[in-house]
Amino acid sequence: MECVIGVVGRDFAVVAADTSAVQSILVHKTDEDKVMVLDSNKLMGASGEPGYSSQSTYRRTSTSIQFRNTIPLSTAATANFTRGELATALRRNPYMVNVILAGYDKDVGASMYYIDYIATLHKIDKGAFGYGSYFCLSLMDKLYHPDMTLEEAVDLVDKCIKEIRLRLVVAPQNFVIKVVDKDGAKVHARREYISDSPPDAAPATASAAATEA
């Protein structure tokens, strides 16, 4: 039940994702960072099989290209390279991973690209992957506008997270939100679900009731 969310604002881009590592019906961990910082001005949110969406593979490949070419890749160049790698793998051993790539370039500003496991590439202003996208995309269609401030964009992401938690049957509870702008890529916030009562509250209440009886 993964979800990756992306929004482009006035001079920045926001990428958010859940932090659950899931296999079948099991949740293995709740602090998996699925939004990787490729370099100082690029973010990649990946959703898919754990081995294919691991951070090290993408970062290592991107870094090696920069060393070979002696110049940093633009966001568009990185998106096209990623699309090429997925297209090549599609005919051999497909990478079961969907990607939202966001970056900031001095001559272009903030931009975002949608790349799925069959190597479809689109430049977008807003988007989402995973089961949560069924709720996020409708909210984005209603509330998004191109000149959003950072506060408005994060508020939109928060609305998406709230809707996922409320309506998705098996919803991830914890999310990380990252921002890339002229100052670089960084963690903006984390949204962690905190229960109204501690885990041991129910047994304590039951014991108290038994004592009174």
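Residues numbered from 1 in each chain as written. Predicted model: local features only at pLDDT ≥ 70, side-chain atom pairs only at ≥ 80, totals over all residues. Heavy atoms only, no water.

(A) Main features of the overall build of the chain. A tally of helices and strands in the chain yields 5 helices and 12 strands. Of all intrachain contacts in the chain linking residues separated by at least 6 positions in sequence, the fraction that spans at least 24 positions is 57%. Summing over all exposed atoms, the chain offers an accessible surface of approximately 11800 Å²; the carbon and sulfur share of this is 53%. (Helix = DSSP H or I, 4+ residues; strand = E, 2+ residues; numbered from the N terminus. Contact = heavy atoms within 4.5 Å. Areas by Shrake-Rupley, 256 points an atom, 1.4 Å probe, with all protein chains shown as cover.)

(B) Examining the packing of helix α3 (residues 133-143) against helix α4 (residues 150-167) more closely. Where α3 contacts α4, the axes come no closer than 9 Å and their chain directions differ by 145°. For the pair α3 and α4, the sense of crossing is right-handed. Residues F135, C136, L139, M140 and L143 of α3 touch α4, and the partners they reach there are L156, K159, C160, E163, I164 and R167. Each residue belonging to the contact of α3 with α4 can be placed in one class, and the counts come to 8 nonpolar, no polar and 3 charged. (Axes fitted to C-alpha atoms, helices over the stretch in contact; angles between N-to-C directions. Left-handed = near helix turned anticlockwise from the far one by under 90°. Nonpolar A, V, L, I, M, F, W, Y, C, P; charged D, E, K, R; others polar.)

(C) Structural detail: the packing of aromatic side chains. Here the structure, examined in full by the defined rule, presents 2 aromatic pairs. Considering the side-chain rings of Y114 and F129, the 4.8 Å spacing of their centres and the 25° angle between planes classify their relative orientation as stacked. With Y114 in strand β8 (residues 109-115) and F129 in strand β10 (residues 126-130), this pair connects stretches of sequence that are 15 residues apart. F129 gets classed as buried once you look at its relative accessible area, which sits at 6%. (Phe/Tyr/Trp six-rings, centres within 6.5 Å; stacked < 30°, edge-to-face > 60°. Buried < 20%, exposed > 50% of the residue type's maximum accessible area, 1.4 Å probe, protein only.)

(D) Region of the structure containing the sheet that holds strand β5 (residues 35-39). The antiparallel open sheet is built from 5 strands, whose spatial order is β5-β6-β7-β8-β9. The strands lining the two open edges of the sheet, one partner per strand, are β5 and β9 (121-124). Averaged over all neighbouring strand pairs, the angle between strand axes comes to 25°, with direction disregarded. As paired strands, β5 and strand β6 (residues 42-48) are joined by 4 bridges and run antiparallel to one another. (Pairing = 2+ DSSP bridges.)

(E) Local environment of the confidence of the model for the chain. Taken residue by residue, the chain gives an average pLDDT of 83. The fraction at 70 or more is 80%. Ignoring residues within four places in sequence, the model shows residues 201-211, a span with pLDDT below 50, making 0 contacts including any to other chains. (pLDDT = per-residue confidence, 0-100.)

(F) View of α3. Taken together, the buried positions of α3 are occupied by S133, F135, C136, L139 and M140. Down the axis, α3 shows its buried residues gathered within 155° of arc, on one side only. Looking at α3, the residues exposed on the side facing more than 90 degrees away from the buried face are Y134, D141 and K142. Where α3 is buried, its residues meet β1 (3-8), β10 and α4. (Arc of directions from axis to C-beta.)

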